[in-house]
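# Coordinates in review
Residue strings, one per chain:
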Amino acid sequence: MEINWNELGFDYMKLPYRFIAHWKNGAWDNGQITEDAFLHLHEGSTALHYGQQCFEGLKAYGRKDGRVNLFRAGENSARMNRSARRLLMPEVPEEMFIAAIKKVIAANRAFVPPYGTGATLYIRPLLIGVGPNIGVHAAPEYIFTVFCMPVGAYFKGGLTPTNFIVSDYDRAAPKGTGAAKVGGNYAASLLPGKEAQAHNFSDCIYLDPETHTKIEEVGSANFFGITKKGQFITPKSPSILPSITKYSLLYLAKERLGLEALEEDVPIDDLNRFTEAGACGTAAVISPIGGIQYEDTFHVFYSESEVGPVTQKLYDELTGIQFGDKTPPSGWIITVD
């Protein structure tokens with residue numbers, strides 16, 4: 001398979017190997033590496049009827065010395081298990097979770113993008129309820145699988161400012177599953193996202209579902225802003241997915257850049273306090289926000305065409321750690337040969 005590492009988008013690519021394990025009678029089996037890219041499900045599986053499934057997304061990064069960095073995989077394990085508990089699914093032990101990812105990377109080692117291309121190996125762990133069932137209750141069996149593929153930038157243009165529009169739709173309900181990484185949240189975002197793109201925006205911004213006055217998420221990513229006072233601010237809400245990238249940036253903003261880093265309410269009618277803004281997540285990394293359309297007003301931050309200086313520093317610090325060029329905080333990196 002010939003791959004142009006510099007021309008990759010964020011698209012599915014079938015690689016030779018993936019990991020699969022089954023939970024039955026109260027326990028996980030040992031799992032195995034397989035070449036079969038299809039999951040064989042009973043027609044009564046709860047994942048198909050009642051949305052009993054969750055997933056994760058993380059990346060492996062090719063280093064200059066030829067080894068591979070895995071970024072904060074323990075946090076992905078913890079988040080998947082929080083999602084599993086919310087949906088009454090069995091947890092995947094962290095040791096099993098990380099071992100499965102290492103096996104998938106090793107099996108598909110030739111497809112880890114080389115250092116310097118900017119591309120990464122995107123890894124997708126998935127947990128689903130399966131087995132014969134028709135009632136609305138937890139499944140009798142479960143599948144845990146991990147697959148991967150090389151990817152480029154999530155938003156076209158990479159680290160280039162893009163524009164967003166505030167949506168009238170809600171991403172998740174108050175006290176619902178907004179903080180869990182479950183497929184239903186993303187299914188609910190498809191129509192709003194399509195409508196935003198039809199109006200030439202990259203995606204939409206969701207306000208809090210209770211009052212519709214505060215920014216929560218930017219499409220499938222988290223929001224952050226840099227204030228005129230030099231603060232790094234990101235929304236705090238029980239219905240936001242707790243982004244591992246966001247919490248990494250909160251730490252780096254404070255410890256590496258010396259900024260005041262805060263999680264707090266971000267009123268949609270108070271955008272003037274921000275000089276820069278962005279969306280962040282595993283897939284997007286950092287996508288600078290050029291402007292936000294809210295009702296009849298289009299608010300521009302730093303620039304519609306240039307990346308703000310603080311956003312650039314955060315991006316350089318984060319990606320420098322991920323690719324092995326900067327010293328990571330303790331526990332952030334697992335190195336794979």
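Going by the annotation in an unreviewed UniProt entry, the name recorded for the protein is Branched-chain-amino-acid aminotransferase, with Enterococcus dispar ATCC 51266 given as the source organism. On record in UniProt, under Cofactor (unreviewed entry), the comment for the protein is "pyridoxal 5'-phosphate".

Time to look at the environment of S202. Following the sequence through the fold, S202 ends up in the loop between α4 (183-198) and β10 (203-207). On the basis of relative accessible area, S202 is assigned to the partly exposed category, the value being 21%. Spatially, the C-alpha atoms of S202 and G219 are 8.7 Å apart, while their sequence positions differ by 17 residues.

Now for the packing of helix α5 (residues 244-255) against helix α6 (residues 309-322). One can describe the packing of α5 onto α6 by two numbers: an axis separation of 10 Å at closest approach and a directional angle of 110 degrees. On the basis of their axis angle, the class for α5 and α6 is roughly perpendicular. Considering only the axes of α5 and α6, their crossing is right-handed. Across from T245, S248, L249, L252 and A253 in α5, the residues of α6 making contact are L314, E317, L318 and I321. Tallied by class, residues from the contact of α5 with α6 come to six nonpolar, two polar and one charged.

A complete count under the given rule lists twelve aromatic pairs for this structure. Here W23 and Y142 contribute two aromatic rings whose centre-to-centre distance is 5.5 Å and whose plane-to-plane angle is 70 degrees, an arrangement assigned as edge-to-face. Here the residue W23 occupies a position in strand β1 (residues 18-24), and Y142 occupies one in strand β8 (residues 141-151), the gap between them amounting to 119 residues. Neither W23 nor Y142 differs from the other in exposure class; each is buried. Counting every residue linked through ring pairs, the aromatic cluster contains F19, W28, F97 and F144.

As a further point, take α5. With twelve residues, α5 extends 16 Å from end C-alpha to end C-alpha; this agrees with the ideal 16 Å at 1.5 Å per step. Three or more residues of α5 are buried, namely I244, T245, K246, S248, L249, L250, L252 and A253. Structurally, the start of α5 carries an N-cap: the backbone nitrogen of T245 is 3.2 Å from a side-chain oxygen of S243.

Analysis parameters
- In every chain, residue numbers begin from 1 and rise along the written sequence.
- For a predicted model such as this one, the threshold for reporting local features is a pLDDT of at least 70, and the threshold for listing and counting side-chain atom pairs is 80 or more; totals across whole chains, interfaces and linings nevertheless cover every residue.
- Remark: hydrogens and water are excluded; side-chain values derive from all non-hydrogen atoms of the structure.
- UniProt positions are given in the numbering used here, feature names are shortened, and annotations may be inferred rather than shown by experiment.
- In this description a helix means any DSSP run of H or I spanning at least four residues, a strand means any run of E spanning at least two, and both kinds are numbered starting from the N terminus.
- Exposure categories follow from relative accessible area, calculated using a 1.4 Å probe and restricted to protein chains: below 20% of the type maximum is buried, above 50% is exposed, and the middle band is partly exposed.
- To get an axis, a line is fitted to the C-alpha atoms, and for a helix only the part in contact is used. The angle between two axes follows their N-to-C directions and goes from 0 to 180 degrees.
- Working rule for angles: under 35 degrees goes down as roughly parallel, over 145 as roughly antiparallel, 65 to 115 as roughly perpendicular, anything else as oblique.
- Crossing chirality is assigned from the near helix's rotation relative to the far helix, an anticlockwise turn below a right angle marking it left-handed and a clockwise turn marking it right-handed.
- Contact definition: two residues touch when any of their heavy atoms are within 4.5 Å.
- Gly is put with the polar residues, along with every residue not named as nonpolar or charged; the nonpolar set is Ala, Val, Leu, Ile, Met, Phe, Trp, Tyr, Cys and Pro, and the charged set is Asp, Glu, Lys and Arg.
- Centres within 6.5 Å make a pair out of two Phe, Tyr or Trp rings, where for Trp the six-membered ring is used; the pair is then stacked when the planes are under 30 degrees apart, edge-to-face when over 60, and tilted otherwise.
- What a helix is expected to span follows from its residue count: subtract one and scale by 1.5 Å.
- Distance and chemistry together define a polar contact, namely a pair of N or O atoms within 3.5 Å, with one atom able to donate a hydrogen and the other to accept it when in protein, and with adjacent residues in sequence counting only for side-chain atoms on both sides.

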